[in-house]
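# Remarks on the overall topology
Letter by letter, the chains look like this.
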Amino acid sequence: MANSKAPWAEPYKIKVVEPLKVTDREYRLNAIKEAGYNTFLLKSEDVYIDLLTDSGTNAMSDYQWAGMMLGDESYAGSRNFYYLESNVRKYYGYKHLVPTHQGRGAEHLLSRALIKDGDYVPGNMYFTTTRLHQELAGGTFVDVIIDEAHDPQNLHPFKGNVDLAKFEGLINRVGGGKIPYITIGAPVNMAGGQPVSMDNIRRVKELANKHDIMIVFDATRGMENAYFIQQREEGYANKSVAEILLEFASHTDAATMSGKKDLLVNIGGFVAVNDWDTFEELRNMVVIYEGLHTYGGLAGRDMEAMARGMEEAVQDAHISTRVKQVEYFGQLLLDAGVPIVEPIGGHAVFVDARKFYDHIPQDQFPAQALAADFYIESGVRCMERGIVSAGRNKETGEHYFPKLELVRITFPRRVYMQSHLDVAAYHVIELFKKRHEAKGLEMVYEPTYLRFFQARFERIGK
Ligand SMILES: *Cc1c(COP(=O)(O)O)cnc(C)c1O
């Protein structure tokens, strides 16, 4: 299948349509200026093809919509909760489930339950909300991803892997007692959607077990990771994505989940654990921050849609199309010489803005500028993943200067067809041809937390 030259098509057809608005350049110049050159501040109705994120932007199936009518909106003990719980056990294998309104709700609860002031929390590269919740709970995040992950052109097949020497080095430096858990994101969003191998998670488990350190799986895109293992790792070609996912999760102790990604819904998440005491703590806390432990901030119908989405998302036909759409788009850019992160990741194509706009210094936000320019050029929306997303060091107050200065072009699941991808790629390539005309940005408003969402900019030299 993977190397076949035969054409492929999306394994679904359209039943309901949502019209798109086409605007002209003049209109978009004005819109992005008003939005402070931040694509998060654009009105979605001013966007033609929305490739900002794959979070909560999924198209639900008729099966899921039908499930919405079966919402049991009882305050306690909703039947949809028990269905979701049984599916989490079936597909991920964890014993206990606490639903949350989305992924960061799960991260908040788990960080508070497990981290004590002065603890260290290693992870295979940071994720914005994950790291923030760890810091707010008194922990210090330590990146233990392999060095290859920081090199956009390195073709390592599992660039999300943990560097065991870095992990062990941290254990030796601070002691296992100061490390409540290690977070394994798979694939690694911030590294360009790069996967973690089964071999690597097994080794992480061995080391972590020796020092009594829990492994928390950020399972948000775990199905894509399972697909990459099937495609790339020896011994897995004949296993289904569902089997691989279950095996991967079995090497971990807990998971945080944003259902808005893999699980084909618009809202929802959960935290799942094997350990009873941790579960008790989470179940106590969810009542304070999210809602009762059988709904966690969700309507019964949302839990039903998420449980059904899980069944559909884990199908090989779905996940392979999902990843192939991303590969198709990435290949169009590669063929035109546009610098992108390779190998192409599972949910997005990451353009290397440092190379694309090599004349704009990093503190003039080249990736932010590129995302804005792409919108002006085409009406397509994407986002920055570089110095703005990285934020500031809480001690020195300086910007973090990440090695990767990227623009993320992300694909919602089951929403767009190949023809939309052709249009979007065409415009990236047009922009690349006139890249030397581009100018950087200056930040004129900076929020305290997760600044990339709401920061505002002005164009330099205009
Ligand atoms: C989106 C995401 C989260 C946070 O989930 P939300 O539902 O947006 O709160 C955590 N980790 C990863 C890897 C993500 O992609």
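Heads up: these notes are all about the structure in this document. (Residues numbered from 1 in each chain as written. Predicted model: local features only at pLDDT ≥ 70, side-chain atom pairs only at ≥ 80, totals over all residues. Heavy atoms only, no water.)

### Comments concerning the side chain of Arg459
Looking at the secondary structure, you find Arg459 in strand E14 (residues 456–459). Side-chain polar atoms of Arg459 contact the side chain of Asp373, separated by 2.8 Å. A polar side-chain atom of Arg459 sits 3.3 Å from the main-chain carbonyl oxygen of Lys439. Leaving out residues up to four positions away in the same chain, Arg459 has contacts with Tyr37, Ala369, Asp373, Ile376, Lys439, Gly440 and Leu441. (Helix = DSSP H or I, 4+ residues; strand = E, 2+ residues; numbered from the N terminus. Polar contact = N/O pair within 3.5 Å; in protein donor to acceptor, adjacent residues only side chain to side chain. Contact = heavy atoms within 4.5 Å.)

### Notes on the sheet that holds strand E11 (residues 383–385)
On the basis of which strands lie adjacent, the open sheet formed by three strands has the order E9-E12-E11 and antiparallel pairing. On the outer flanks of this sheet lie strand E9 (348–352) and E11, each paired with one strand and no other. Ignoring which end each strand starts from, the neighbouring axes of this sheet average 35 degrees apart. Here E11 pairs with strand E12 (residues 406–410) via three bridges, running antiparallel. Note that in E12 the partner of Glu384 across the bridge is Val407. (Pairing = 2+ DSSP bridges. Axes fitted to C-alpha atoms, helices over the stretch in contact; angles between N-to-C directions.)

### Side note on the packing of aromatic side chains
Summed over the entire model, instances satisfying the criterion amount to 13 aromatic pairs. Where Tyr75 meets Tyr295, the ring centres are 5.2 Å apart and the plane angle is 75 degrees; that geometry is what we call edge-to-face. Here Tyr75 is found in the loop between helix H2 (62–68) and helix H3 (79–91), whereas its partner Tyr295 is found in the loop between helix H10 (276–289) and helix H11 (300–313), with 220 residues between them in sequence. Judged by centre distance (4.2 Å) and plane angle (40 degrees), the ring pair of Phe452 and Phe453 falls under tilted. Here Phe452 falls in the buried class, since its relative accessible area comes to 3%. The exposure class assigned to Phe453 is partly exposed, which follows from its relative accessible area of 24%. Here the aromatic residues Phe40, Phe452 and Phe453 are joined through ring pairs into a cluster of three or more. Above the plane of the ring of Phe452 lies Arg385, whose end atom (NZ or CZ) is 4.7 Å from the centre. Here Arg435 stacks its cationic end above the ring of Phe432, 3.9 Å away from the centre of that ring. (Phe/Tyr/Trp six-rings, centres within 6.5 Å; stacked < 30°, edge-to-face > 60°. Buried < 20%, exposed > 50% of the residue type's maximum accessible area, 1.4 Å probe, protein only. Lys NZ or Arg CZ within 6 Å of the ring centre and 35° of its normal.)

### Examining the site of the ligand
As a matter of local geometry, the ligand sits amid 13 residues, with Arg104, Asp218, Arg221, Ser258 and Lys261 nearest to it. Within the side chain of Ser258, a nitrogen or oxygen atom sits 2.6 Å from an oxygen atom of the ligand. In isolation the ligand has 380 Å² of accessible area, and contact with the protein removes 95% of it. Broken down by element, the residue count for the shell around the ligand peaks at three residues, all from helix H4 (residues 103–114). Split by residue class, the shell around the ligand holds one nonpolar, six polar and six charged. (Near = heavy atom within 4 Å. Areas by Shrake-Rupley, 256 points an atom, 1.4 Å probe, with all protein chains shown as cover. Nonpolar A, V, L, I, M, F, W, Y, C, P; charged D, E, K, R; others polar.)

### Things to note about helix H1 (residues 25–34)
Residues of H1 that are buried include every one of Arg28, Ala31 and Ile32, and no others. Taken end-on, H1 shows its buried residues confined to a sector of 95 degrees, consistent with a single buried face. Pointing more than 90 degrees away from the buried face of H1 are the exposed residues Glu26, Lys33 and Glu34. Against helix H14 (366–378) lie the buried residues of H1. Taken from the residues just after H1, Gly36 is the one with a positive phi, measuring 60 degrees. (Arc of directions from axis to C-beta.)

### Notes on the packing of helix H8 (residues 222–232) against helix H12 (residues 316–335)
The contact between H8 and H12 brings their axes to 10 Å, and the two run at 90 degrees. Here H8 is positioned roughly perpendicular relative to H12, judged by the angle of their axes. Only Asp316, Ile319, Ser320, Arg322 and Val323 of H12 make contact with H8, whose side of the interface consists of Met223, Glu224, Tyr227, Phe228 and Gln230. Residues that form the contact of H8 with H12 fall into these classes: five nonpolar, two polar and three charged. (Parallel < 35°, antiparallel > 145°, perpendicular 65-115°, else oblique.)

### A closer look at unusual backbone geometry
Following Ala186, the chain continues into Pro187 via a peptide bond in cis, with omega recorded as -5 degrees. Looking at where Pro187 falls in the secondary structure, it is placed in the loop between strand E5 (181–185) and helix H7 (198–210). Cis rather than trans, the peptide bond between Glu342 and Pro343 has omega equal to -10 degrees. Along the chain, the position of Pro343 falls in the loop between H12 and E9. Positive phi, normally seen in glycine, also occurs at Tyr37, with a value near 55 degrees. Relative to the helices and strands, Tyr37 resides in the loop between H1 and strand E1 (49–50). Although it is not a glycine, Phe365 adopts a positive phi angle of roughly 55 degrees. Mapped onto the secondary structure, Phe365 falls in the loop between helix H13 (353–356) and H14.

The values are spatial; any link to function lies outside them.
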